[in-house]
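# Coordinate inspection notes
Here's the letter readout for the chains.
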Amino acid sequence: MLVHHSSEIPGLNIEDLKQTGFKVHKLSIPRTGPVTRGRRDYYKMGLVTGEMTWSSGGDPLKLSGTGLFFINPNVKHKVVVRSNSMKGIACLFTEAFISGRERSEILRQSPLFQTSDSPLVNLTKEQAEFMNSIFEKMLTVHKSDYLHKSAMILSCIEIILLEALRIQPSQTEAVFKNSASRITYLFMNALEKQFPVEQANDVVKLRTAQDFAACLSVHVNYLNRSVKEVTGKPTSVIISERIVAEAKALLQFTEWSVADIAYALGFEYTTYFNNYFKRITGTNPN
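Predicted model, so just to flag it, every value in this text is computed and none were measured. (Residues numbered from 1 in each chain as written. Predicted model: local features only at pLDDT ≥ 70, side-chain atom pairs only at ≥ 80, totals over all residues. Heavy atoms only, no water.)

### Topic: the overall build of the protein chain
A tally of regular secondary structure across the protein chain gives 10 helices and 9 strands. When burial is assessed residue by residue, the protein chain has 46% of its 286 residues classed as buried. Residue pairs at least 24 apart in sequence account for 72% of intrachain contacts in the protein chain once pairs closer than 6 positions are excluded. Entry remark: accessible area of the protein chain is about 15,100 Å², with carbon and sulfur atoms responsible for 49%. (Helix = DSSP H or I, 4+ residues; strand = E, 2+ residues; numbered from the N terminus. Buried < 20%, exposed > 50% of the residue type's maximum accessible area, 1.4 Å probe, protein only. Contact = heavy atoms within 4.5 Å. Areas by Shrake-Rupley, 256 points an atom, 1.4 Å probe, with all protein chains shown as cover.)

Given below as structure tokens:
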């Protein structure tokens, strides 16, 4: 059993990545032993040929042949490579690199953001040939001194995301059947935009149903009714579940103190955070 090590990225320097916003590289030869990857500071997508199994909490997904993969920085996953001849090209980029109203929307509709969608997209021979030409173009441009390198890479990323959505339409793409579904979508989108928390002073601002109602310019009772109608859960439960999920990720994948995490998640006192976390999970934050 072979596993792709995401840490084996030739010449990767996180600070350089934050400065440039992107990196394109050939996928390295996998080693033996399963690897589970956690939080990152960047998105990753790639074109691979071979056999592999992808696990991220649900049923394992299998790829045999050529396909695209998409990695969200906030989703822990394990990739088991089952082929000695695995090959491909990957592109890393920050959300800041693809910022902007239109580009951000493309990102949020893609498998990179819609984490309930499949992060693997199987390709036909024709689709694989087209995608390979795009990834090879990115690799060539990345190694060059082309003045407009960033713009070219960004255009290629957008083409790949749009083509992936055409091949495998999002199962969670918003379809507003009524006003309740629309306001619920806007609420969920506003909630998710606050995460992942990357710096201790990057404080979560929206933490209550009243906060979100004010942000969306609706009455809190209307927001609560809409969210409960569409999701079956109270607004407060959805908010608390997401805050606790972020707290668990920060506790597991950072070296922050509990006090830093409490502050970043909007708690005035660490004691409040401890009680909140224990009330929902039944355990203390460690």
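Once the structure has been displayed, the description carries forward.
### Concerning the packing of aromatic side chains
Inspection of the entire model under this criterion finds 8 aromatic pairs. Ring centres of W54 and F69 lie 6.4 Å apart, and the angle between their planes is 40 degrees; on these two criteria the pair is classed as tilted. Taken together, the positions of W54 in strand β5 (residues 43-55) and F69 in strand β6 (residues 61-71) put the pair 15 residues apart, joining distant regions of the chain. Of the two residues, W54 and F69, both sit in the buried class. Stacked on the ring of F267, the Lys or Arg R207 has its end atom at 4.1 Å from the ring centre. The ring of F195 has R242 sitting right over it, with the charged end atom 4.2 Å from the ring centre. (Phe/Tyr/Trp six-rings, centres within 6.5 Å; stacked < 30°, edge-to-face > 60°. Lys NZ or Arg CZ within 6 Å of the ring centre and 35° of its normal.)

### Concerning the nonpolar core
Core analysis: the biggest nonpolar cluster contains 30 residues, and F187, F212, L223, L265 and F273 have the highest contact counts within it. Secondary-structure elements contributing two or more residues to this core are α5 (179-192), α6 (209-216), α7 (220-231), α8 (235-253), α9 (258-264) and α10 (270-281). With 7 residues, the single largest contributor to this core is α8. Here L265 is in contact with F195, V197, V204, R207, I243, E246, A247, L250 and F273, once residues within four sequence places are set aside. Of all hydrophobic cores here, the second largest spans 29 residues; its members include I98, I134, C156 and I160. (Core = buried A, V, L, I, M, F, W, Y, C linked by side-chain atoms within 4.5 Å.)

### Side note on the pattern of salt bridges
Where charged atoms from two side chains of opposite charge approach closely, those side chains can pair. All chains considered together, the criterion is met by 5 salt bridges. Salt-bridge contacts for R166 lead to E163; the nearest nitrogen and oxygen are separated by 2.5 Å. Residue R166 and its partner E163 are located together in helix α4 (residues 149-167), separated by 3 residues, close to a single helical turn. A salt bridge links K233 to E241; the shortest N-O distance between them is 3.1 Å. Under the relative-accessibility criterion, K233 is labelled partly exposed at 35%. One salt-bridge network, held together by shared partners, links E192, R242 and E246. (Salt bridge = Lys/Arg side-chain N within 4 Å of Asp/Glu carboxyl O.)

### A few points about the state of the cysteines
What the rule picks out here adds up to 0 disulfides. C91 takes part in no disulfide bond, and the closest cysteine sulfur to it belongs to C156, at a distance of 8.7 Å. A relative accessible area of 5% places C156 in the buried class. (Disulfide = S-S within 2.5 Å.)

### Observations concerning the environment of R207
Relative to the helices and strands, R207 is located in the loop between α5 and α6. For the pair formed by R207 and R242, sequence separation is 35 residues and the distance between their alpha carbons is 9.9 Å. Those residues in contact with R207, other than ones at most four positions away along the chain, are F212, I239, I243, L265, G266 and F267. A polar atom in the side chain of R207 sits 3.0 Å from the backbone oxygen of L265. Of note is the side chain of R207, whose polar atom sits 3.4 Å from the backbone oxygen of G266. (Polar contact = N/O pair within 3.5 Å; in protein donor to acceptor, adjacent residues only side chain to side chain.)

### Focus on the packing of α5 against α7
Orientation of α5 relative to α7, taken along the N-to-C sense of each, is 100 degrees, at an axis distance of 8 Å. Comparing the axis directions of α5 and α7 gives the class roughly perpendicular. Across the interface between the two elements, S179, A180, S181, I183, T184 and F187 from α5 touch Y222, L223, S226, V227, E229, V230 and T231 from α7. For the contact of α5 with α7, a count of residues per class yields 7 nonpolar, 5 polar and 1 charged. (Axes fitted to C-alpha atoms, helices over the stretch in contact; angles between N-to-C directions. Parallel < 35°, antiparallel > 145°, perpendicular 65-115°, else oblique. Nonpolar A, V, L, I, M, F, W, Y, C, P; charged D, E, K, R; others polar.)

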